[in-house]
Amino acid sequence: MQKRSLGRTGLSIAPVVFGGNVFGWTADEKISFALLDAFFDAGYNTIDTADVYSAWVDGHAGGESETIIGKWLKRGHVPRDRAMIVTKVGFDNDGRKTGLSAKWITEAAEASLRRLGTDYIDLYLAHKPDPDVPHEETLEAFAKLKQQGKVRAIGCSNFDATQLQASLDVAAARGLPRYDVVQPEYNLYTREAFEGPLSTLCIAQEIGVISYYALAAGFLTGKYRKREDVEGSSRSYRVGDYLNEKGFRILAALDMVAAETGTSPATVAIAWIAARTGITAPIASATSLKQLESLIAVGRLQLSAAQMALLTEAGA
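My aim in this report is to walk through the structure given alongside it, one point at a time. (Residues numbered from 1 in each chain as written. Predicted model: local features only at pLDDT ≥ 70, side-chain atom pairs only at ≥ 80, totals over all residues. Heavy atoms only, no water.)

### Thoughts on the sheet that holds strand E7 (residues 151–157)
Note the cut-off: Between any two strands, at least two bridges found by DSSP are needed for them to pair. A run of DSSP states H or I qualifies as a helix once it reaches four residues; a run of E qualifies as a strand once it reaches two. Both are numbered from the N-terminal end. For helices, the fitted axis covers only the stretch in contact; all axes are lines through C-alpha atoms, and the angles between them, taken along N-to-C directions, range from 0 to 180 degrees.
Strands sit in the order E3-E4-E5-E6-E7-E8-E9-E10 around a closed barrel of 8 strands; the barrel is parallel. Each strand of the sheet is rotated relative to its neighbour by a mean of 25°, with strand direction disregarded. Here E7 runs beside strand E8 (residues 181–183); their pairing, made up of 2 bridges, is parallel. Bridge assignment links serine 157 to a residue of E8, and that residue is glutamine 183.

Listed below in structure tokens is the structure:
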């Protein structure tokens, strides 16, 4: 599997990252282990999770995904140094503000390390901006974790170009480590959060980009084509937003390219992101081995210029 350099971090990742938000939610421990085994056996090497996954499930407190990943690592199917672990800190949990204070980052990092059963995190992300904490305080906390060998690289999620630039300015002025990776929402339907100023900044500053919601909550798999299809889905709250003229136009383009390439709409949707300028790798999830086939196939799919143009225009 051809790896890609993740910005200036010194880390190299395969062209798709497994989204671990499903672990402990729509994928139990047994299927999670099977999915991770198959994903890594296919040559992929990166898992994305967060300390808040899956606090939205009744009876969960957050950290369930990290715990499952930790148990999987302990099994030893894949050596620790072959698994790139991305986790995040700072997303409010159960109505309780956590944020990006130095105190919370220190506590949260230790808790994540315990759940993951490892002594280091490959990539640690600020999950979302915290207007109540100055960048300097947050970056100093991350710097200490790096100095202690508990974190290899840092980044941020859900920052816009202005917020990212402000953090880069503080890092440069204070001699602190900068965010070398950004995690924005980005897919064929939702493009405004990344395309434009943020994309331009990331390219200019050689910042790695691992985007989330590659399949738009499952809509871009082609599974949901009318409102009746959404009923009873665990992601019905989001999928309904895509059932409109633009969404149907994108599905038609995906169907056409999938037929041409002998793959699936999901594979094509993810491959389009992976081929976009400025993107290192999209994040995508699966809850069954059959679904996982669509992720794995991305590494073998090279979209033509005409196919890329067709898809890009459909989602414009």
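### Topic: the pairing of strand E6 (residues 121–126)
Convention followed: Partly exposed residues are those whose accessible area sits between 20% and 50% of the maximum for their type, while under 20% is buried and over 50% is exposed, using a 1.4 Å probe and protein chains only.
With respect to burial, E6 is a largely interior element, 6 of its 6 residues being buried. Looking at chain direction, strand E5 (residues 84–89) and E6 are connected through 4 bridges and run parallel. Its bridge partner lying in E6, valine 86 is registered against leucine 123.

### Notes on the pairing of E5
Our working definition: By convention a crossover is right-handed if, when the strands point away from the viewer, the path from the first strand over the helix to the second runs clockwise.
With 6 of 6 residues buried, E5 is to be regarded as a mostly interior element. What you see with E5 is no split at all: Met84, Val86 and Lys88 on one side and Ile85, Thr87 and Val89 on the other are buried throughout. For the crossover that starts at strand E4 (residues 46–48), traverses helix H2 (residues 64–75) and ends in the parallel E5, the hand is right-handed.

### As for the environment of serine 304
Within the secondary structure layout, serine 304 lies in the loop between helix H11 (289–296) and helix H12 (305–314). Take serine 304: its relative accessible area is 32%, and that puts it in the partly exposed class.

### Description of helix H9 (residues 245–261)
Which entries qualify depends on this criterion: To estimate the expected span of a helix, count its residues, drop one, and scale the result by 1.5 Å. Working note: the arc is built from the helix axis to C-beta atom directions. Contacts between residues were defined by any pair of non-hydrogen atoms, one from each residue, lying within 4.5 Å. Counted as a polar contact is a pair of N or O atoms within 3.5 Å, where, for protein atoms, one must be capable of donating a hydrogen and the other of accepting one, and residues adjacent in sequence contribute only when both atoms are in side chains.
Taking 1.5 Å of rise per residue, the 17 residues of H9 would be expected to cover 24 Å, and the 25 Å separating its terminal C-alpha atoms lies within 8% of that figure. Among all positions of H9, only Gly247, Ile250, Leu251, Ala253, Leu254, Val257 and Ala258 are buried. Angular distribution of buried residues about the axis of H9 spans 165°; they occupy a single face of the element. Facing away from the buried side of H9 by more than 90 degrees, the exposed set consists of Glu245, Ala259 and Glu260. Looking at the buried side of H9, the elements it contacts are helix H10 (265–274) and H12. The N-cap residue of H9 is asparagine 244: its side-chain oxygen and the backbone nitrogen of lysine 246 are 3.2 Å apart.

### Description of the packing of aromatic side chains
We count it as follows: Aromatic pairs are defined between Phe, Tyr and Trp rings, using the six-membered ring for Trp, whenever the two ring centres lie within 6.5 Å; interplanar angles under 30 degrees are classed as stacked, those over 60 as edge-to-face, and all others as tilted. Cation placement over rings: the criterion is NZ of Lys or CZ of Arg within 6 Å of the ring centroid and within 35° of the ring normal.
As enumerated under the stated definition, the model contains 15 aromatic pairs in all. Between tryptophan 25 and tryptophan 56 the ring centres are 5.2 Å apart and the planes differ by 85°, which places this aromatic pair in the edge-to-face class. Taken together, the positions of tryptophan 25 in the loop between strand E3 (17–19) and helix H1 (29–41) and tryptophan 56 in the loop between E4 and H2 put the pair 31 residues apart, joining distant regions of the chain. Here phenylalanine 159 and tyrosine 179 contribute two aromatic rings whose centre-to-centre distance is 5.6 Å and whose plane-to-plane angle is 75°, an arrangement assigned as edge-to-face. Separated by 20 residues along the polypeptide, phenylalanine 159 in the loop between E7 and helix H5 (161–174) and tyrosine 179 in the loop between H5 and E8 bring together distant segments of the chain. Each member of the pair, phenylalanine 159 together with tyrosine 179, is buried. Among the aromatic side chains, those forming a connected cluster through ring pairs are Phe18, Phe23, Phe39, Phe40, Tyr44 and Trp72. Directly above the ring of phenylalanine 91 sits lysine 128, whose terminal nitrogen or CZ lies 5.0 Å from the centroid. Above the face of the tyrosine 189 ring, lysine 246 is positioned so that its terminal group lies 4.4 Å from the ring centre.

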